[in-house]
Structure formats: structure tokens, C-alpha cells
Amino acid sequence: MDTLGYIEVLVRIAWLLGAVAFVIGLARMNSPATARNGNLVSAGGMILAIGATAVLILSRELLGPEGAVSVAGWAIILLGVAVGGGVGLWAARSVKMTAMPQLVSLFNAVGGGAAALIAIEDYLRLAGLGDPVRLDHNVFIVLDIIIGSITFTGSLIASGKLQGLIPGKPILIPGGQLVTLGLAAVTVLAAVVLFATGTPNVALMLVILAAALIFGITMTLPIGGADMPVVISLLNSFTGTAVAMAGFVIDNPVLIIAGALVGASGAILTKLMADAMNRSVINIMVGGFGGGEGVVGEAAEGGTVRSIGVDDVAIQLAYAQSVIVVPGYGLAVAQAQHAVRELADLLEDRGVDVKYAIHPVAGRMPGHMNVLLAEANVPYPQLKEMEDINPEFARADVALVIGANDVTNPAARRPGSPVSGMPILDVDQAKSIVVIKRSMGRGYAGIDNELYTNEKTGMLFADAKEGLAALTAAVKAL
Amino acid sequence: MIPDDILLLLNNLTIFTLAILVGFAVISKVPATLHTPLMSGANSIHGIVLVGAMLIAAEVDDPVGYVLAFIAVAFATMNVVGGYVVTDRMLQMFRKKPAAPKPAEADAEA
């Protein structure tokens, strides 16, 4: 074995160590105490793997046959790393915490795009050689192109929906199912021809590419904004799989390991998220939920809604012993996390015990609410998970619900409603309930919330941010 | 006797299958609080595609290849750098804070 051979062995060992770091990093991210360290371990593994790759390319140029690495190749790598790294660093540093889910989706899109490009590039190289392509190689290339492209456009759409560039509500394409079926048929047909003949056919490859790109769009458009977290998680899992396929295409073990790792863990995570919302992944992907027609069941109709003024709420809050704040999607959308902390601080100064009840899926993504409130400097011990806070509602003087809907609906305790079985916060147990909400609009389950017609409930109709600001001013004036 | 290329394929499939099982096992009892950071952390890991993009870029020798390889490298680097930085920013929020946070400016004025 020559020197280059020894270097390649060392590089492969470095890749293996990188893969080990990914597994350890992911495992450590399972618990809040070790999560940050886990991410750093994973980042260390990534730096090691990428550094080793640079060493490999460099030694191929120095020790390998003449012209093993083109000058243009180096320019592309350095320029690409500079541009991509710069944009990524800038975006990650400057993004507001409320806009973070769409940024993650954007990073996911480019990851999937890169995986697809590797397969496309490799296919063009094979086409240039003109030899028949081996079946397994062909299969992995086509799978990489399909999965990577679907992830690319799908994640861009998801990101656009969360950012508000594309309407968040489900967009139904006329004959959408036919379009989807047609695209699938075209893809399968083209793939079968490619596999059967084995001769490289760039035109057919481009047909598959185009169909997959369009499929990513038609798949994501009909899904409502509230379901996007699950979709992003699913697409994240897809990207992992696409990267693993790219690993097969270029026979690279670290791509296969890391890709499969993310593909599998992403799938589990997607299921956990969907479970927390009491939805099935299939149900979400098929879309068209949210209408809720015909499934409303025997919800108690005809209750009256009591509207309540800012000053009344301020008095209730200021003279309460304990207040439990229930933040929801509406708070995240209105970016009212700082406003709520200001009100809570004021109440704490008056001796009121303030806690936050965090439903697992509150906010725009599971765990998102914790991040938002932590960003607003809400003390961590005040944030209570559902299991811990539910027994405390009965002792609370006021439950202040801000922009939360389905996760507080007592109808979930009975069968026969779309939210049945979903774990909920026992807000209705509190002595008094105040709901800050813009209107009587329904949550994404599309049903009325019985909490709002509860006789203990007062509705303060306002935007979360403005309502909280008005409340803070009113409490100060007392 | 198994030909070398088939042996390589089998080895790759073995690695792939075992890595999938590890991926299933490593995520089990995550508190919901960590779902989003964990997803973002997994998202950064598939930035490993940069290794493939670099290896491809080193070998291209035609204009179309240059463009494709450049986009692949830039995309993958963005995935890696952005992914890890944004995950770290999220997790930074979970530090245990001292019991008394510094009072808001509005309170100080009041």
C-alpha cells in the first residue's frame, strides 16, 4: 500500500469517528441537561469528517496521478464553502426565534437539494462514459434524485407557508389527486425504462427530476400551516434518506451512516410529534383536515359567551393568589412572548404566583413555546409541562389562556369529537378563566371550544400582543 | 466467490440497515420540549452530504459539472453551518437561569 493508501485508511477512520460522534450527539440531545453538549459533539464529528475529506482531496492532488484534482475543483470547493457557510451563518445568527422553524425547513431544503445534485452529477458523468449503468447503481441514483428533489421543493413550500409568503391555509389544486397520481406514474414509468435498459438516458433522468420537483410542491401545498411542523420533520427524515442514497451512489460509508441515522430518527420524531397532536402522519399528508364538516359530534351547542373588559381582567389578575398562563399558537403568531413576561413580572412583584402551562404542541412546533418564553427571559422553573401543571389548575385563581384553543377543549375527554383522546390542559378546573383571543374562530381541529362557553370563562377579544399590553397598563394603574 | 462490486454493495447495505436500527433506538423517550431542537440537530447531521459534494467537486471537468458541484457544495455547507448554529442558539435558551431575572426596563421606569 502506498502513502496515498495509508492516508485514505486514516481518512476512513476519521469518517467512522465522525459517525460515532453523530450517534453520541443525537443520544445526548434526548435530555435537556446534555442537549447542548450533544450538539457540540455532533458538530465536532462533522468538522472531523469534513476536514478529513479535505485532506483526502489534497493528498490525491499531491500524491495521485497528474491532474487527479482540477484547479477548478478547488476553486468550486473553497468558493462554495465560503458562500454557503457565510449565508448559513448569517441566517442562523440573525433569524428571530419565532421564525426559526421556517429556517430549519430552509436548511433542510438545501440539504436535500445537495443530495439530489450529487446523483445528477454522477449520472451525467456515467452518461459521458456511455457504458451501461449497473442496476443497483441506477436504483440508488434514481431514488436519490426523487427523494432529494421532493424534499427540496417540499421544504421550500413549507418554509414559505410558515413565513407567510404562501397562504398557510390548505391550498387545494383542482384535480390535485390526479396530478399527483400522474406524476407518480410518469416517475415510475421513466424509472422502469431506465432500470430495464441500463443505458444512460439523460432526457429520462430530467423527466424524473422534473416530476419529483413538482410532486414536492403538490404534496405540500394542500397541507395547512398548523401541520407544518410534522411535515418539516417528515421532510427532514426524507433528506436523511436521500443523503444515504447519495452515499450508495458514491460508495461513501459516512454518508450512508449519517443519512440512515437521520432518516430513521427523523421518522420516529415525526411520529412522536404527530402523536402529541393526536393525528396520524398519513392523515396529515393526505391533507384536507381542518374543515371538520360532519364530524363535530354532539358538542354542547348553544352555550353563551361572556365577553369581559380589560379592567375587569386586570383586577382579577392583580388580586389573585396564583395565576396559570396558558400560551398557545396565537401567542406565537402575535410574537407576544415579551408582552406576556412583562405582565407576569408585574404580577409577581405584587406577590402573585405565576406559572406557565406548556402543552407539548403549544406554539408552532413541539417545544417551540419553551424556546420562545426562554428567549423572553421567563425563568425556566416557571415553565411547567402538562403532566406537572394539570393537578394545579384546581388551585389556581385565574387561568389566563392566550391564543390557545384545541389543547384546552374539554371535548377531548369525550369520544366522538375530532380532538377526542388528545391530551389537554385541565384549564376548565381553574376557579376563573380568562381567554385572550382575537375572535371566536376555531382552532385547526375546526370545532367549537366548550371552554369558551363555560360559565367561569370571560373572553377578552384582542390580539395577544395588544391585549397583554393593555392588561399590563391596567394592572400598573391599579 | 462473490465479485468485489457485489461485496461492496452488500457491505453498504449492512451499514445502512444497522444505522437505521441505531437511528430508531437513539430516539425514544424525548421530552416534547426537545422535539424542535432535536429535529434541528438531526437536520444539521444530514449536512454530511458536504463530504460527498466536495469529493464530486474535486473531480468535475466540464462547465455543467462546475455549476452543479458549486451549488451542491454551497447548499451542503449552508445546511451544516446554519444547522449547527441555529440548533445551538435554541439549546442555549434552555440554560437554567438564576431565580430572579433582571427586571424589565419598563418596570425600572415605573
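Because the structure is a prediction, the values reported are computed rather than measured.

Re the overall build of chain A
Broken down by element type, chain A carries 16 helices and six strands. Once the C-alpha set of chain A is aligned to its principal axes, its extents read approximately 85 × 50 × 30 Å. Burial analysis of chain A (478 residues in total) assigns 52% to the buried set. Nonlocal contacts in chain A, meaning residues at least 24 apart in sequence, comprise 79% of its contacts between residues at least 6 apart.

Some points on the sheet that holds strand β5 (residues 432–437) of chain A
Residue and element names in this part refer to chain A. Strand order in the open sheet made by the six strands is β3-β2-β1-β4-β5-β6, with parallel pairing throughout. Strands with a single pairing partner mark the edges of an open sheet, and in this sheet they are β3 (383–385) and β6 (457–461). Between one strand and the next, the sheet's axes are offset by a mean angle of 25°, whatever the strand orientation. Judged from the five bridges that link them, strand β4 (residues 398–402) and β5 form a sheet pairing that is parallel. Residue pairing across strands places A399 opposite I433, the latter belonging to β5. The strands touched by helix α14 (residues 368–375) within the sheet are β1 (322–327), β2 (353–358) and β3, with β2 carrying the most contacts at an inclination of about 145°.

A short note on the pairing of β4 of chain A
It is a general feature of regular strands that their side chains alternate between the two faces of the sheet. Residue and element names in this part refer to chain A. Within β4, five of the five residues are buried, which leaves the element mostly enclosed by the surrounding structure. By the alternation rule, side chains of β4 split into V398, L400 and I402 and A399 and V401, which are all buried. Inspection of the sheet shows β1 paired to β4 by five bridges, in the parallel sense. Note on β4: the bridge partner recorded for V323 is V398.

Overview of the environment of L126 of chain A
Residue and element names in this part refer to chain A. In this structure, L126 sits in helix α4 (residues 100–129). The class for L126 is partly exposed, based on 19 C-beta atoms found within 10 Å. Along the sequence, L126 and N201 sit 75 residues apart, while their C-alpha atoms lie 9.8 Å from each other. With near-sequence residues (within four places) excluded, L126 lies in contact with V133 and P200.

Examining the confidence of the model for chain A
Residues and elements named next belong to chain A. Averaged over chain A, the pLDDT score is 87; the fraction of residues at 70 or greater is 95%. Confidence, expressed as mean pLDDT per element, reaches its minimum in chain A at helix α10 (residues 281–286) with 78 and its maximum at helix α1 (residues 3–28) with 95. Below a pLDDT of 50 lies the segment residues 288–301, which in the model reaches 24 contacts outside its immediate sequence neighbourhood of four places, other chains included.

Description of the confidence of the model for chain B
Residue and element names in this part refer to chain B. Residue-level pLDDT values for chain B average 84, and 85% of them are 70 or greater. Mean pLDDT across the elements of chain B bottoms out in helix α5 (residues 105–109) (38) and peaks in helix α3 (residues 49–57) (96). In the model, residues 97–110 has pLDDT below 50 throughout and makes 12 contacts with residues more than four positions away in sequence or in other chains. The ipTM assigned to the predicted complex is 0.87, against a pTM of 0.81.

Examining the interface of chain A and chain B
How big an interface is tends to be stated in terms of the accessible area lost upon association of its parts. On the chain B side, the residues contacting the 98 residues of chain A number 84 residues. Elements that contribute at least two residues to the side of chain A that touches chain B include exactly α1, α2 (35–63), α3 (71–94), α4, α8 (228–249), α9 (253–276), α13 (337–349) and α14 of chain A. If you tally residues by element for the side of chain A that touches chain B, the top one is α9 of chain A, at 19 residues. Partitioning the side of chain A that touches chain B into residue classes produces 62 nonpolar, 27 polar and nine charged.

Things to note about the nonpolar core
I118 of chain A together with A53, A72 and V73 of chain B are the most contacted members of the largest nonpolar core, which totals 198 residues. Of the residues forming this core, the biggest block, 17 residues, is contributed by helix α4 (residues 63–92) of chain B. What I118 of chain A contacts, discounting residues up to four positions off in sequence, is D144, A246, V249 and I250 of chain A together with V49, G52, A53, I56 and A72 of chain B.

Things to note about the pairing of β2 of chain A
Relative to β2 of chain A, β1 of chain A runs parallel, the two sharing four bridges. When the bridges of β2 of chain A are listed, V323 of chain A appears paired with V354 of chain A.

Analysis parameters
- Positions within a chain are numbered from 1, following the residues in the order the chain's sequence is written.
- In the order they appear in the text, chains get letters beginning with A and ligands get numbers beginning with 1.
- Note on the predicted model: pLDDT of at least 70 is required for a residue's local features to be given, and 80 or more for side-chain atom pairs to be given and counted; whole-chain, interface and lining totals, by contrast, use all residues.
- To qualify as a helix, a DSSP run of H or I must reach at least 4 residues; to qualify as a strand, a run of E must reach at least 2; elements of each kind are numbered from the N terminus.
- Working definition of burial: number of other C-beta atoms within 10 Å of the residue's own, with buried at 20 or more, exposed at 12 or fewer, and partly exposed in between, all C-beta atoms being placed from the backbone.
- Throughout, a residue-residue contact means that the two C-beta atoms, derived from backbone geometry, are no farther apart than 7 Å.
- For two strands to be treated as a pair, DSSP must find at least two bridges joining them.
- To get an axis, fit a line to the C-alpha atoms, keeping to the stretch in contact for a helix; angles then go from 0 to 180 degrees between the N-to-C directions.
- Confidence scores here are pLDDT values: one per residue, from the predictor, ranging 0 to 100.
- When residues are sorted by character, Ala, Val, Leu, Ile, Met, Phe, Trp, Tyr, Cys and Pro go into the nonpolar class, Asp, Glu, Lys and Arg into the charged class, and all the rest, Gly among them, into the polar class.
- In these notes, a nonpolar core means any group of buried Ala, Val, Leu, Ile, Met, Phe, Trp, Tyr and Cys residues linked to one another through C-beta atoms within 7 Å.

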